[in-house]
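Structure at a glance
Here's the letter readout for the chains.
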2 protein chains.
Amino acid sequence: MQNSEAISLSSSDFRHAISLAGKCIERNNKTIPTLSMIHARANGVFEATGTDLDVLVSASVPRAGSAEATFLIPDYRSIIGAVKAGGGSDVTLEPAEGKFALASDTLSVEVVSNIAADDFPLSGQLIAHDEFTATLSHEQLRSLRRIAASISKAETRYYLNGIYLHHIDGTTFRAVATDGHRLSVIDLEIPDASGALEGIIIPRKAIRLLLEMIGNKAGAADPGIAFRVGTGMLRNREDSTAPERKGVSRAHFSLRAGNASVTLATKLIDGTYPDYARVIPSESGRSFLFKSAEFRRALEAVSFGSKDVRAVRLDFDSEGATVSAKYVSGIASAVRISCQHSGEPWEVGFSGSHLIDMIDAAGGDEFVLSAADATGPALIKNPADPDWTGVLMPCRL
Amino acid sequence: MQNSEAISLSSSDFRHAISLAGKCIERNNKTIPTLSMIHARANGVFEATGTDLDVLVSASVPRAGSAEATFLIPDYRSIIGAVKAGGGSDVTLEPAEGKFALASDTLSVEVVSNIAADDFPLSGQLIAHDEFTATLSHEQLRSLRRIAASISKAETRYYLNGIYLHHIDGTTFRAVATDGHRLSVIDLEIPDASGALEGIIIPRKAIRLLLEMIGNKAGAADPGIAFRVGTGMLRNREDSTAPERKGVSRAHFSLRAGNASVTLATKLIDGTYPDYARVIPSESGRSFLFKSAEFRRALEAVSFGSKDVRAVRLDFDSEGATVSAKYVSGIASAVRISCQHSGEPWEVGFSGSHLIDMIDAAGGDEFVLSAADATGPALIKNPADPDWTGVLMPCRL
């Protein structure tokens, strides 16, 4: 069945590459059929690319043979399912006019496609000129999980829909996320940073895809992520009267995911990040030291095991604290926890799910909550980790 | 905190009992608030009961102390979540007028309830007179999984919405399920059967709950299930002119689930089961022997890994068979499989998901499909297991 024009590669590499490229494809895209497809290109390697026009992911894996071809793969999830169920260690792809054939062991699939591969929007994310380059470790990228929950989803404040990254001092860079109710900050050391980075906003989707691709497991060898920020290729047309766009507009991340070389290219959010620093309170005022696991379990208990925890009340007395919640269904619950503090009896309320997210992000066995009063922002710190900071607005009781 | 009126039991027993009782509660019941609650009763044991008026489940677990009480537990899923997250090995329940308190280790929950426990419909499922009693093993009950997928969900043919169980010969009883497109039969040996069983229809929900409760693990010791069929307690009122209802109308199953003694009581479906025997073809005609795992994988491959497999085509030639499917999205796929047969080339179509269900139900390494022609029912048998029979109607190609 195989001929000289066939592209051959391992079944698991094929599935891995198209599933990585598919990560940025929006399931509910109906208006532009091309954006639901994977762009496949065989030259020295097999390269699969997917895009939603804002974010583009390319994954390259090794291949056998020398035939070169470019074609589109529709319905990639079905193709992955079929190849996986069909078994066989290798797949063979044979593109032809208006269709392509896929074969593996006993399986043969023929896919008709009436869209030309040239129609795929490949070039929109290219960087014409690097303004800033750096190398992040997988571990550093993974640490962005500790602030990602604070990224806003409100479309009206689109400039909060990402992580703000900017230069602080020396080789220290700060990543910030906030949705107006909570704010998280983490500082990263990037010794090989080169060029200027006044401040960029990396969209939530790019962050989510990168975190999915590197996974949770810290590998023995951390291959690192090449990170580039620059201006896009697309310039104004010569007859345009619009002002020339300035500043950086694109970021690229290049990394290894298993057997694949991946590039994620994203547009940056074009907006002004608010002056977040004035929201972070000082550590003066009331200060409370909690055991993280005990507090977290108390929050789950008063929220009846649900992740969707409503407002919880903290009552501090001389012996510790009570975490409590009341529900419309007529259930009221309370849990006693230990808490070290030196202040007067006091009470304050927070969103329970935000508190759980913050405790998870703080990490460690203990955390400190500091607040000047019950209406202003509260500071959350892990005493063992000065690089991370959480800020949470209280709820009315 | 604990007083002499408190009911105390292990936290895991408490959660197990109310989660078993909750299994028959319909989540979307809004009209009768009592039916979303668990009826709790402490006498010698702690007994939790739930019902949807057709099916009732009671679970009893050991308790400490002697206080007796009856009360209702609203929102049992939240209570389970809270008790689990709150930790502690025991729970203490203190019913009072219009509310009850629950405490475990550091957790305290107060539940307000404005419905009296007497309003709970406990008695509807009692059997006044046993017509038939028997003991099933857990293994025999579990074997009903092999026919349960064939139970109809069509409300218009309500008499197909369950498993038909009837006496065949000696100590052999036959369980049947069909939805008009497929039919499955399994024969059970019940040596201690006592009384007459002309034929009952056990509703799908009761079968599903029983299968959930006994789980998949075959235990070393099989404690058995006491099975009773009889007439209900509710008689016509004296001034009623309706004809007195005849025949059996209720079934009870008593079993052990972990540390709990469980009784499931169900109404039987009041209807006439069709004469299914005339649908079962003889094994004459064309006969094809397949390797089960190979055929199953082929079905998954042509359905692109989805469980929701559409019509598949089987083409038999002198060397084996091809399983194939065509999709509107322009993808056509085919898989070659081995098949022993001695007939002419032939083709036939089936619902892929029904075929997968049948292969799973047949069990074993091989199965035989026999058919007289491509429009009549096909017989599916596992050569190693004469007790099970599957029948499948073909699709038009």
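Residues numbered from 1 in each chain as written. Chains lettered and ligands numbered in written order. Predicted model: local features only at pLDDT ≥ 70, side-chain atom pairs only at ≥ 80, totals over all residues. Heavy atoms only, no water.

1. A word on the domain arrangement of chain A
According to the domain assignment, chain A consists of domain 1 (7–119), domain 2 (128–277) and domain 3 (281–392). Look at where the C-alpha atoms of domain 1 of chain A and domain 3 of chain A centre, and you get two points 49 Å apart. (Domains from an automatic or database assignment.)

2. A word on the relation of the copies chain A and chain B
At an RMSD of 0.0 Å, chain A and chain B line up after a rotation of 180 degrees and a shift of 0.0 Å along the axis. Taken together, these values place the two copies in the relation of a two-fold axis. For chain A, the minimum C-alpha distance to the rotation axis belongs to Asn28(A) and amounts to 14 Å. The residues that chain A uses at the interface reappear at the interface of chain B in 100% of cases, marking a shared surface. (Least-squares fit on C-alpha atoms with pLDDT ≥ 70 in both. Contact = heavy atoms within 4.5 Å.)

3. Points about the packing of aromatic side chains
The full count for this structure, using the stated rule, is 32 aromatic pairs over all chains. With a centroid separation of 4.5 Å and an interplanar angle of 35 degrees, the aromatic rings of Phe290(A) and Phe295(A) are classed as tilted. For the pair shown, Phe290(A) and Phe295(A) are each scored as buried. Ring centres of Phe288(B) and Trp346(B) lie 5.6 Å apart, and the angle between their planes is 10 degrees; this geometry places the pair in the stacked category. Placement of Phe288(B) in strand 18 (residues 286–291) and of Trp346(B) in strand 23 (residues 346–351) is noted, with a sequence separation of 58 residues between them. Accessibility classification places Phe288(B) together with Trp346(B) in one group, the buried group. Here the aromatic cluster, defined as three or more aromatic residues joined through ring pairs, consists of Phe288(A), Phe290(A), Phe295(A), Phe316(A), Trp346(A) and Phe367(A). (Phe/Tyr/Trp six-rings, centres within 6.5 Å; stacked < 30°, edge-to-face > 60°. Buried < 20%, exposed > 50% of the residue type's maximum accessible area, 1.4 Å probe, protein only. Helix = DSSP H or I, 4+ residues; strand = E, 2+ residues; numbered from the N terminus.)

4. Digging into the environment of Arg310(B)
Residues and elements named next belong to chain B. Mapping Arg-310 onto the fold places it in the loop between helix 6 (292–302) and strand 19 (311–317). For Arg-310 and Tyr-327, which are 17 residues apart along the polypeptide, the C-alpha to C-alpha distance reads 8.7 Å. Look past the residues within four positions of Arg-310 in its chain and what remains in contact with it is Tyr-327, Val-328, Phe-350, Ser-351 and Gly-352.

5. What about the interface of chain A and chain B?
Across the contact, 27 residues belong to chain A and 27 residues belong to chain B. Buried area between chain A and chain B, both sides added, is near 2200 Å², and the carbon and sulfur share of it is 58%. The largest share of the area that chain A buries against chain B comes from Ala85(A), Phe304(A) and Ile331(A), three residues that together contribute 22% of it. Counting every contact that joins chain A to chain B gives zero salt bridges. Linking chain A with chain B are nine residue pairs in polar contact (both at pLDDT 80 or more), by the criterion used here. Secondary-structure elements contributing two or more residues to the side of chain A that touches chain B are helix 2 (76–86), strand 8 (107–112), helix 6 (292–302) and strand 21 (331–337) of chain A. Residue classes in the side of chain A that touches chain B are distributed as 13 nonpolar, nine polar and five charged. Pairing of strand 8 of chain A with strand 21 (residues 331–337) of chain B involves five bridges; the strand directions are antiparallel. (Buried area = accessible area lost by both parts, 1.4 Å probe. Salt bridge = Lys/Arg side-chain N within 4 Å of Asp/Glu carboxyl O. Polar contact = N/O pair within 3.5 Å; in protein donor to acceptor, adjacent residues only side chain to side chain. Nonpolar A, V, L, I, M, F, W, Y, C, P; charged D, E, K, R; others polar. Pairing = 2+ DSSP bridges.)

6. Side note on the sheet that holds strand 26 (residues 385–392) of chain A
All names here are of chain A. Overall, antiparallel pairing links the nine strands, which are arranged 14-10-11-12-26-25-24-18-22 in an open sheet. Among the strands making up the open sheet, the edge pair consists of strand 14 (200–203) and strand 22 (339–340). Note: strand 24 (residues 366–371) against strand 25 (residues 378–382), four bridges, orientation antiparallel. When the sheet's bridge partners are listed, Val-368 is paired in strand 25 with Lys-381. In the packing of helix 6 onto the sheet, the strands contacted are strand 18 (286–291) and strand 24, and the crossing angle to strand 18 comes to about 85 degrees. (Axes fitted to C-alpha atoms, helices over the stretch in contact; angles between N-to-C directions.)

7. Quick word on the packing of helix 6 of chain A against helix 2 (residues 76–86) of chain B
Close contact between helix 6 of chain A and helix 2 of chain B brings their axes to 7 Å; oriented N to C, the two are set at 165 degrees. Relative to helix 2 of chain B, helix 6 of chain A is oriented roughly antiparallel. Handedness of the helix 6 of chain A/helix 2 of chain B crossing: left-handed. Facing helix 6 of chain A, whose interface residues are Arg297(A), Glu300(A) and Ala301(A), helix 2 of chain B presents Ala82(B), Ala85(B) and Gly86(B). Counted by class, the contact of helix 6 of chain A with helix 2 of chain B contains three nonpolar, one polar and two charged residues. (Parallel < 35°, antiparallel > 145°, perpendicular 65-115°, else oblique. Left-handed = near helix turned anticlockwise from the far one by under 90°.)

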